[in-house]
Amino acid sequence: MMRSLRFFDDLAHGLASQPPIALGVVHPCSLPALHAVAEIMRQGLAVPFLIGPTAEICQIAASADISLDGCHMVDVPTAQDAARTGVAMAHGGKVAALMKGSLHSRIFLHELGHHEGGLRTARRMSHVYVLDAPQAPRVLLVSDGAVNIAPDLNTRCDIVQNSIDLACMLGIARPRVALLSAVEVINPDLPSTLDAAVICKMAERGQITGGVVDGPLALENAISPEAARCKGVASPVAGL
């Protein structure tokens, strides 16, 4: 059964009642990036600071008749300069959030994670996809699909807590977390199942908070109630 996709619209509606934040848009040298900026301004969600080569940004905007009225321009020549400047602005409180434009993720993440001038915290940085798909029973958050390549146990714990914290910020009360592996049983020869078991016990003991955590679970058991029933998987998370 298909469901209506309203999550992002509802989120934008809720944010529209709040004062717009200062948003650093790093190297927005493409039409998709500038269309996104225009939509953000149209909805009153943020005051954009466009960080990159101003002449090029204005030329791209003019080619598609995109108005940049209300944007603050921060003129820097290269993508790396834009990333470094954006991180410095966030670090200094001049912007409240950063949005990636048309630069390579490697450049963006390098500056974000820099040991001296970056935005590191005590917890490992991780990436979350927020997916609102009509076939899914509810909004799905998928982590980590872009930053941590081969996470160890400590990194997995941070990924889980980061995801829970983000879900709560997005208004998802008591999010359910499925720790994925290839199978839904603990196998000593499959490290991801052992890590899942440890993380579940950590959540039980209050070392991970704010969500309901279970695993290991195979992907189909995590997102499909029918698949969970067919496999005989009983879990507060299975089937979501």
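Definitions and cut-offs
The residue numbering used here restarts from 1 in each chain and proceeds along that chain's sequence as written. Restriction of local features to residues with pLDDT of at least 70 applies here, the model being predicted, together with a cutoff of 80 or more for giving and counting side-chain atom pairs; totals for whole chains, interfaces and linings are based on all residues. As a rule here, side-chain values come from all non-hydrogen atoms in the structure, and water together with hydrogens is ignored. Under the scheme used here, helices are H or I runs from DSSP no shorter than 4 residues and strands are E runs no shorter than 2 residues, and both carry numbers assigned from the N terminus. Summary of the burial criterion: residues with accessible area below 20% of their type's maximum are buried, those above 50% are exposed, and those between are partly exposed, where the area comes from a 1.4 Å probe applied to protein chains only. Residue contacts follow a heavy-atom distance rule, with two residues in contact if any of their heavy atoms lie within 4.5 Å. Neither His nor the chain ends contribute to the count of charged residues, in which Lys and Arg are positive and Asp and Glu negative. To locate a charge, take atom NZ for lysine, CZ for arginine, CG for aspartate or CD for glutamate. To qualify as a nonpolar core, a set must consist of buried Ala, Val, Leu, Ile, Met, Phe, Trp, Tyr and Cys residues joined through side-chain atoms within 4.5 Å. A pair is scored as a salt bridge if a Lys or Arg side-chain nitrogen falls within 4 Å of a carboxyl oxygen belonging to Asp or Glu. What counts as a ring pair is set by centres within 6.5 Å for rings of Phe, Tyr and Trp (its six-membered ring), and what kind of pair is set by the plane angle: stacked under 30 degrees, edge-to-face over 60, tilted for all other angles. When DSSP finds at least two bridges between two strands, those strands are taken to pair. A fitted line through C-alpha atoms serves as each axis, taken over the contacting stretch for helices, and the angle formed by two N-to-C directions is quoted from 0 to 180°.

Draft legend 1. Spotlight on the overall build of the protein chain. A count of helices and strands for the protein chain gives 9 helices and 8 strands. Taken over the C-alpha atoms alone, the protein chain extends approximately 60 × 45 × 30 Å along its principal axes. Taking all 240 residues of the protein chain together, 39% fall into the buried category. Considering only intrachain contacts with a sequence separation of at least 6, the fraction spanning at least 24 residues in the protein chain is 61%. Charge separation in the protein chain, taken as the distance between the mean sites of 18 positive and 22 negative side-chain charges, equals 6 Å.

Draft legend 2. Inspection of the nonpolar core at higher detail. Formed by 15 residues in total, the largest nonpolar core has its most connected members in L23, V25, L34, L50, I57 and L68. Going through the elements one at a time, β1 (21-26), α2 (31-42), β2 (46-52) and α3 (54-63) are the ones with two or more residues in this core. With sequence-adjacent residues up to four places away left out, L68 is seen in contact with L34, M41, L50, I57, C58 and A61. Counting 14 residues, the second largest nonpolar core, distinct from the first, contains A79, A83, F108 and L112.

Draft legend 3. Looking closely at the pattern of salt bridges. In the structure shown here, the tally under the stated rule is 10 salt bridges. Notably, a salt bridge pairs D10 with R6, separated by 3.1 Å at the nearest N-O pair. In this structure, the salt-bridge partner of R84 is D81, at a minimum N-O distance of 3.3 Å. You can see R84 and its partner D81 sitting in helix α4 (residues 79-91), 3 residues apart, about one turn around the helix. One connected set of salt bridges, linked through shared partners, spans R6, D9 and D10.

Draft legend 4. Region of interest: the environment of G210. Note that G210 resides in the loop between α7 (191-204) and β8 (212-217). Discounting chain neighbours no more than four positions away, the residues touching G210 are I164, C168, R174 and P175.

Draft legend 5. Spatial organisation of the packing of aromatic side chains. Taken as a whole and judged by the stated rule, the model has 1 aromatic pair. With centroids separated by 5.4 Å and ring planes inclined at 75°, the aromatic side chains of F7 and F8 adopt a geometry described as edge-to-face.

Draft legend 6. Summary view of the environment of L34. Mapped onto the elements, L34 comes out in helix α2. With 34 residues separating them along the chain, L34 and L68 place their C-alpha atoms 8.5 Å apart.

Draft legend 7. View of the side chain of T155. Relative to the helices and strands, T155 resides in helix α6 (residues 153-169). With relative accessibility at 10%, the residue T155 sits in the buried group. In contact with T155, not counting residues within four places along its chain, are R124 and N148.

Draft legend 8. Representation of the sheet that holds strand β3 (residues 72-75). Taken in spatial order, the 4 strands of this open sheet run β3-β2-β1-β4, and their pairing is parallel. On the outer flanks of this sheet lie β3 and β4 (97-100), each paired with one strand and no other. Pairs of neighbouring strands in the sheet enclose a mean axial angle of 25°, with direction left out of account. Bridge count for β2 against β3 is 4 bridges, and the pairing is parallel. Bridging across to β3, G52 finds its partner in D75. Strands β2 and β3 of the sheet are contacted by α3, whose axis makes an angle of about 135° with β3. Those strands touched by α4 are β1, β2, β3 and β4, and its axis lies near 140° from that of β2.

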